[in-house]
Amino acid sequence: MSKLPAVSGRDCVKVLTKAGFSFKRQSGSHMITSRENPFAQVVVPDHKVLDRGTLRGILRHAGLSIEDFIRLL
């Protein structure tokens, strides 16, 4: 299992965009991204460094593995 990298919320949104998500809106410090097929909506906090547990949850909701995330980074 690969180790999760330390990334910012904006970098995470860039990776999600490469994975087929699109940025929909921002509400305060939360950036909302979504994908149509299959439908998925992921909320990413706009922090300088995301906690590992938060990033792991984002990847789980997006349906991405850690290896896919690192490859798209």
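Everything here concerns the structure above.
Residue positions are given per chain, counting from 1 as you read along its sequence in written order. Totals for whole chains, interfaces and linings use all residues, but because this is a predicted model, local features are given only for residues with pLDDT of at least 70 and pairs of side-chain atoms are given and counted only at 80 or more. To get the side-chain values, all heavy atoms of the structure are used, and hydrogens and water are removed first.

**Side note on the pairing of strand 3 (residues 40-45)**
In regular strands, side chains alternate between the two faces of the sheet. Pairing between strand 2 (residues 30-35) and strand 3: six bridges, direction antiparallel. Directly across from Ser34, in strand 3, lies its bridge partner Gln41. From the end of strand 2 to the start of strand 3, which pair antiparallel, there are four residues. By this definition, two strands are paired if DSSP reports at least two bridges between them. For the purposes of this entry, the term helix denotes a DSSP run of H or I that reaches at least four residues, the term strand denotes a run of E that reaches at least two, and both are numbered from the N terminus.

**Description of the environment of Val43**
Relative to the assigned elements, Val43 resides in strand 3. What makes Val43 partly exposed here is its relative accessible area of 39%. Taking C-alpha positions, Val43 is 4.6 Å from Ile32, a pair spaced 11 residues apart along the chain. Contacts are residue-level and defined by heavy atoms, with any inter-residue pair within 4.5 Å sufficient. Setting aside its immediate chain neighbours within four residues, Val43 contacts His30, Met31, Ile32 and Ile58. Between buried and exposed lies partly exposed: a residue is buried under 20% and exposed over 50% of the maximum accessible area for its type, with that area taken using a 1.4 Å probe on protein chains only.

**With respect to the pattern of salt bridges**
Criterion for a salt bridge: a side-chain nitrogen of Lys or Arg within 4 Å of a carboxyl oxygen of Asp or Glu. For the structure shown, the criterion picks out two salt bridges. In this structure, Arg71 and Asp68 form a salt bridge, with 3.0 Å as the shortest nitrogen-oxygen distance. Of the two residues, Arg71 and Asp68 are both situated in helix 3 (residues 66-72); the distance of three residues between them amounts to about one turn of the helix. Residue Arg71 is classed as exposed on the basis of its relative accessible area, which comes to 60%. Using a relative accessible area of 27% as the deciding quantity, one classes Asp68 as partly exposed.

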